[in-house]
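# Analysis of the macromolecular model
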Amino acid sequence: MSLVECRTLSKSYGRGIALNQIHLDLEPGKIIGLLGPNGSGKTTFIKICAGLLTPTAGTVTIGGMPVGPDTKRIVAYLPERTYLSKWTKLREILDFFEKMYDNFQKDAAYRMLTDLGINPEDKLNTMSKGTREKVQLILVMSRRASLYLLDEPMAGVDPAARDYILNTIITNYNPEGSIVISTHLISDIENILDDVIMIRQGNIVCHDSVDNIRITYDKSLDQVFREVFRC
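Notes on the structure in this doc start here.

### Describing the pattern of salt bridges
- For the structure on display, the rule yields 11 salt bridges.
- E121 is the salt-bridge partner of K89, the closest N and O atoms lying 3.6 Å from each other. Separated by 32 residues along the polypeptide, K89 in the loop between strand 6 (75-78) and helix 3 (90-100) and E121 in the loop between helix 4 (106-116) and helix 5 (129-141) bring together distant segments of the chain.
- E121 sits in the partly exposed class, given a relative accessible area of 36%.
- Where salt bridges share partners, they join E5, R7 and D25 into one cluster.

### A few points about the sheet that holds strand 1 (residues 4-13)
- Spatial strand order, 2-1-4-5: 4 strands in an open sheet with antiparallel pairing. Each edge of the open sheet is held by one strand with a lone partner, namely strand 2 (16-26) and strand 5 (65-66).
- Looking at chain direction, strand 4 (residues 57-62) and strand 5 are connected through 2 bridges and run antiparallel. If you follow I62 over to strand 5, its bridge partner there is M65.
- Sitting on the sheet, helix 1 (residues 42-49) touches strand 1, strand 2 and strand 4, and the angle it makes with strand 1 is about 120 degrees.

### Concerning the packing of helix 5 against helix 6 (residues 159-172)
- In the contact formed by helix 5 and helix 6, the axes pass within 10 Å of each other and the chain directions differ by 5 degrees. With respect to each other, helix 5 and helix 6 are oriented roughly parallel. Residues K134, L137, I138 and M141 of helix 5 form the contact with helix 6, whose participating residues are A161, Y164, I165, T168, I169 and N172.
- Classifying every residue of the contact of helix 5 with helix 6 by side-chain character gives 7 nonpolar, 2 polar and 1 charged.

### Overview of the nonpolar core
- Grouped together as the largest cluster of nonpolar side chains are 32 residues, with contacts concentrated most on Y148, L150, I179, M198 and L221.
- The element that contributes the greatest number of residues to this core is helix 6, accounting for 4 residues.
- Excluding residues that lie within four positions of it along the chain, M198 makes contacts with L35, N203, I204, V205, C206, L221, V224, F225, V228 and F229.
- By size, the runner-up hydrophobic cluster in this structure holds 25 residues, among which are A50, V60, I74 and I199.

### Quick look at the packing of helix 4 against helix 6
- Packing of helix 4 against helix 6 brings their axes to within 13 Å, and their N-to-C directions diverge by 155 degrees. Considering their axes alone, helix 4 and helix 6 lie roughly antiparallel with respect to each other. As helix 4 packs across helix 6, the resulting crossing turns out to be right-handed. Residues R111, M112 and L116 of helix 4 lie in contact with helix 6, whose contacting residues are Y164, T168 and N172.
- Here the contact of helix 4 with helix 6 is composed, by residue class, of 3 nonpolar, 2 polar and 1 charged.

Thresholds applied
- Residues numbered from 1 in each chain as written.
- Predicted model: local features only at pLDDT ≥ 70, side-chain atom pairs only at ≥ 80, totals over all residues.
- Heavy atoms only, no water.
- Salt bridge = Lys/Arg side-chain N within 4 Å of Asp/Glu carboxyl O.
- Helix = DSSP H or I, 4+ residues; strand = E, 2+ residues; numbered from the N terminus.
- Buried < 20%, exposed > 50% of the residue type's maximum accessible area, 1.4 Å probe, protein only.
- Pairing = 2+ DSSP bridges.
- Contact = heavy atoms within 4.5 Å.
- Axes fitted to C-alpha atoms, helices over the stretch in contact; angles between N-to-C directions.
- Parallel < 35°, antiparallel > 145°, perpendicular 65-115°, else oblique.
- Nonpolar A, V, L, I, M, F, W, Y, C, P; charged D, E, K, R; others polar.
- Core = buried A, V, L, I, M, F, W, Y, C linked by side-chain atoms within 4.5 Å.
- Left-handed = near helix turned anticlockwise from the far one by under 90°.

Written out as structure tokens, the structure is:
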């Protein structure tokens, strides 16, 4: 059974169409790149799967359940923008996550914080932007979720931080679940991806394994992406 099933999924904002009758099946145990230019519908798709937006038409199921309160328990979502209070101690945030999510592994979170030399007694407003990005990712990847939705997890961070983020993703996610990563930094994540979804103006233009794409085009994923979305 597919982990995520979308059937004629559509989302409109007034006259604008963000997603156009998407039909999609995502298997468990995959790291999936969600690729496309700005305004292509990536964030809308992720927010619908996270239960933050309601489709205009069509359906989405995760783990065989319609998106709703039951799926939020098995979905871990990393938004594009920081949502945590900058005035709260990190230790208090960890306590909150432990109470909020029964699959939150606090010991794993503390281990990753120790690896980075981040003090749990510090408040977020004392940390750099890159460190706050890492903290948010640690919170998400410390859950034993079935689906991880990561919206631009490496945006605005330096290359060294990107390496840490990628390592955190591939070494801490539930291998029985799947990860969907939305990003523009194709070359940075190409080597960890199993499958790719390319989306343009709300339409899926490609959904295939990275290996098949490389064989078909005899090019890297980054090169194929540049050709597909060339202005």
